[in-house]
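One-letter residues, chain by chain:
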Amino acid sequence: MSLSLIRLRSGFTCKWLFCQFFSSAAAHTRSSSIFRRVSPIYQRISPLGDPKISIVPFLDEWVQEGKTVSEEELRDVTQKLYHYRRFKHALEIAATPQQKPCPLLDNGLLSSPPSAQWDSGISQWMSDKRKICLMPWDIALRMNLIFKVHGLEQVENYFSNIPENLKNHQVYIALLNCYALEKSVDKAEAVMQSLRDLGFAKTALGYNLLMNVYHRTGNWEKIEILMNEMEKKGIFCDSFTLAAQLSAFAAASNITGIDKIVARMESDPRVVLDWKIYSIAANGYLKVGLLDKTLAMTKKLEEHIDTPVGSNFAFNNLLRLYAETRQRDEVDKVWMLYKKKEKIYNKGYMAMISSLLKFDDIGTAEKVLEEWESSTLSYDFRVPNFLIDAYCRKGFIEKAEALVNKILTKGGCPLVDTWFYLVNGYLEDNQIPKAVEALKKAVLVCPPNWKPSKSTLSTCLQYLEGNRDVEGAGEFMKFLQNEGIFSESVCIRLLSYIEDGKPNTFGEIERDV
């Protein structure tokens, strides 16, 4: 597994880190209970899944019916909508700037900052009709929602309109979180410096968010610098801090560093250990071929898999790691446990099929694919793609064709990789005309800047050249030009070579491709 994938699944994300922002007792009590109770007003607006439909009229209707809604309930609904990625609707409810002073300012609550110009028509329901006074985490959540709905520029506009005396550490943390999500290194560093200058850099959260920026941009050496700063200031390095440093050591193949961080985390009772930590360590060891250490970390990963959060990701990682360490019995055992404990989604089937194919067990992989086909899951072509690739590599081109056609009849959409696997299969089977046709289909669905491999193109062109199929070659060249694979000048030169019957045409001009 690539380290980029490890980072995505390590739990060291801006979203997760930002949740630390809501760590006050009141906020914690509220956030831990909002999914255990069903708010009547949430039941009213929940069916409105289309973000183009405003929920404001439904809120108005609720009040007109004589029903009440508390500030706490509105905040709960906002958080729940955020959790389900309904950012626009959450922003419509989220507390917005009001025009009168807040009577609770002395009790730690913030009066609302002036609204940015774009805000007209958004969140006016609470500002005009509820007159709710903003708490610090309200402003922070609102900034995050603005980022999700309108982008970073509007967040900066909103932040610039907040009076300086109201820009406390929570507001700066919210801005830092947005820059972290945007992977804006310079701006994130500037906000972190502001936190230092204002005396707000007293906890791990700001450091962790900046580490996340470095983490996502590959600035591994800067993570260790931040960690050293925290230790000098006596700031506790929590699980997120140490996970970032662990990922940095794994990316740099620093085995001594990985050993050191794992030992530190296991020996500190204040550090919360979970499967993600062991997944990062296992993949770090795997990267340099230390299979015994990889297996040891994989077994510890399995011991920590009971957490309800991210269990599917944990099982997927576990399957792949056991396959990489050649533990076939463990793969089967984990798969049975996975099916017993969790609902398996497309990525779970991908993890199992790809794991089985590492043992060249096509037969069992076919049975797992049949389980997937009998499920109610969407037809994600990435699932059968693993078998299609295996068929083509093993010379079972007819099986690959049959599987593609079968999935097509059920509404699946082949990916560029699907056609490319078929291209290679046809080439290996010396079915060049079919390879040319499959290559055309690959080009039609390819993402921007994607190009077929030079060896594949060379083989197809040499086939056309060998058959002196000038007309077919011309059509093929025109097609590749229209799809942006070759420039017009390259196509003309290639066609000229084919017309003249010169050998190795593609190799002579491949530097221009």
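Residues numbered from 1 in each chain as written. Predicted model: local features only at pLDDT ≥ 70, side-chain atom pairs only at ≥ 80, totals over all residues. Heavy atoms only, no water.

Now for the overall build of the protein. Check the secondary structure of the protein and you find 30 helices and zero strands. Expressed as a percentage of its 513 residues, the buried residues of the protein come to 52%. If you take every contact in the protein between residues at least 6 apart in sequence, the share linking residues at least 24 apart comes to 65%. About 24100 Å² of surface is accessible on the protein, with carbon and sulfur atoms providing 51% of the total. (Helix = DSSP H or I, 4+ residues; strand = E, 2+ residues; numbered from the N terminus. Buried < 20%, exposed > 50% of the residue type's maximum accessible area, 1.4 Å probe, protein only. Contact = heavy atoms within 4.5 Å. Areas by Shrake-Rupley, 256 points an atom, 1.4 Å probe, with all protein chains shown as cover.)

The next thing to look at is helix 25 (residues 416-428). Here helix 25 contains 13 residues, and its C-alpha end-to-end distance of 19 Å stays within 8% of the 18 Å for a straight helix at 1.5 Å per residue. Looking at helix 25, one finds that the buried residues are Val-416, Thr-418, Trp-419, Phe-420, Leu-422, Val-423, Gly-425, Tyr-426 and Leu-427. Taken from the residues just after helix 25, Asn-430 is the one with a positive phi, measuring 60°. (Expected span 1.5 Å × (residues − 1).)

Right, let's get into the packing of helix 12 (residues 185-197) against helix 13 (residues 204-217). Close contact between helix 12 and helix 13 brings their axes to 10 Å; oriented N to C, the two are set at 165°. The angle between helix 12 and helix 13 falls in the class roughly antiparallel. The two elements helix 12 and helix 13 cross, and the hand of that crossing is left-handed. In this structure, helix 12 uses Val-185, Ala-188, Glu-189, Met-192 and Arg-196 to contact helix 13, whose residues at the interface are Gly-206, Tyr-207, Leu-210, Val-213, Tyr-214 and Thr-217. Across the contact of helix 12 with helix 13, the residue classes tally to seven nonpolar, two polar and two charged. (Axes fitted to C-alpha atoms, helices over the stretch in contact; angles between N-to-C directions. Parallel < 35°, antiparallel > 145°, perpendicular 65-115°, else oblique. Left-handed = near helix turned anticlockwise from the far one by under 90°. Nonpolar A, V, L, I, M, F, W, Y, C, P; charged D, E, K, R; others polar.)

Core analysis: the largest hydrophobic core is formed by 141 residues, its most contacted members being Met-143, Ile-258 and Leu-422. A total of nine residues in this core trace back to one element, the largest contributor, which is helix 11 (residues 169-182). Residues within four places of Leu-422 in sequence aside, it is in contact with Cys-392, Ile-397, Ala-400, Glu-401, Val-404 and Ala-438. (Core = buried A, V, L, I, M, F, W, Y, C linked by side-chain atoms within 4.5 Å.)

A few words now on the packing of helix 23 (residues 382-394) against helix 24 (residues 397-409). For the pair helix 23 and helix 24, the least separation of the axes is 7 Å and the interaxial angle reads 155°. Considering their axes alone, helix 23 and helix 24 lie roughly antiparallel with respect to each other. Where helix 23 crosses over helix 24, the two elements pack in a sense that is left-handed. Taken together, the residues of helix 24 that come into contact with helix 23 (itself represented by Pro-384, Leu-387, Ile-388, Tyr-391 and Cys-392) are Ile-397, Lys-399, Ala-400, Leu-403, Val-404 and Ile-407. For the contact of helix 23 with helix 24, a count of residues per class yields ten nonpolar, no polar and one charged.

Topologically, His-215 is positioned in helix 13. Along the chain, His-215 and Ala-244 lie 29 residues apart, while their C-alpha atoms are 6.6 Å from each other.

Among the surface-exposed residues, Arg-85, Lys-148, Lys-183 and Arg-216 lie close enough to one another that they form a single positively charged patch. Counting through the fold element by element, Arg-85 comes out in the loop between helix 6 (71-83) and helix 7 (87-93). (Patch = residues over 30% accessible without salt bridge, like charges linked within 9 Å, V, L, I, M, F, W, Y side chains within 5 Å. Salt bridge = Lys/Arg side-chain N within 4 Å of Asp/Glu carboxyl O. Lys, Arg positive; Asp, Glu negative; His and termini not counted. Charge placed at Lys NZ, Arg CZ, Asp CG, Glu CD.)

Here we take up helix 21 (residues 346-357). Taking 1.5 Å per residue as the helical rise, helix 21 with its twelve residues ought to reach 16 Å, and the 17 Å between its terminal C-alpha atoms agrees with that figure. Summarising burial for helix 21: eleven of the twelve residues are buried, a large majority. Within helix 21 the residues assigned to the buried category are Asn-346, Gly-348, Tyr-349, Met-350, Ala-351, Met-352, Ile-353, Ser-354, Ser-355, Leu-356 and Leu-357. Looking at the packing, one finds that the buried side of helix 21 touches helix 19 (311-324), helix 20 (328-341), helix 22 (362-374) and helix 23.

With that out of the way, let us pick up unusual backbone geometry. Phi at Lys-183 takes a positive value of approximately 60°, unusual for a residue other than glycine. When you line up the elements, Lys-183 lands in the loop between helix 11 and helix 12. Judged by relative accessible area, Lys-183 falls into the partly exposed class, the value being 42%. Despite not being glycine, Asn-430 shows a phi value in the positive range, around 60°.

This structure, assessed with the given rule, holds seven aromatic pairs. Between Tyr-172 and Phe-200, the aromatic rings sit 6.4 Å apart at their centres with planes inclined by 45°, giving tilted as the arrangement. A residue pair is termed long-range when its members are at least 10 positions apart, and Tyr-172 in helix 11 and Phe-200 in the loop between helix 12 and helix 13 qualify at 28 residues. Tyr-172 sits in the buried class, given a relative accessible area of 10%. Taking relative accessible area as the criterion, Phe-200 reaches 28% and is therefore assigned partly exposed. (Phe/Tyr/Trp six-rings, centres within 6.5 Å; stacked < 30°, edge-to-face > 60°.)

A word on the pattern of salt bridges. All chains considered together, the criterion is met by 26 salt bridges. Between Lys-333 and Glu-330 there is a salt bridge; the shortest N-O distance is 2.9 Å. Within this pair, Lys-333 and its partner Glu-330 are both found in helix 20, separated by three residues, close to a single helical turn. Given the relative accessible area of 17%, Glu-330 is considered buried. Among the ionic pairs, Lys-394 bridges to Asp-360, the shortest N-O distance being 3.4 Å. Within this pair, whereas Lys-394 is found in helix 23, its partner Asp-360 is found in the loop between helix 21 and helix 22, the two being separated by 34 residues in sequence. Residue Lys-394 is classed as partly exposed on the basis of its relative accessible area of 40%.

With that out of the way, let us pick up the side chain of Glu-229. As for its position among the elements, Glu-229 is in helix 14 (residues 220-233). For Glu-229, a relative accessible area of 19% gives the class buried. Within the structure, Glu-229 has its side chain in polar contact with the side chain of Tyr-207 (distance 2.7 Å). Those residues in contact with Glu-229, other than ones at most four positions away along the chain, are Arg-196 and Tyr-207. (Polar contact = N/O pair within 3.5 Å; in protein donor to acceptor, adjacent residues only side chain to side chain.)

Counting all residues, the mean pLDDT for the protein is 79, and 74% of those residues have values of 70 or more. Ranking the elements of the protein by mean pLDDT puts helix 1 (residues 3-9) last, at 34, and helix 21 first, at 97. For residues 1-12, every residue scores under 50 in pLDDT, and the model assigns this stretch 34 contacts once sequence neighbours within four places are set aside. Across residues 19-35, confidence stays below pLDDT 50; counting only partners more than four residues off in sequence or on other chains, it has 26 contacts. (pLDDT = per-residue confidence, 0-100.)

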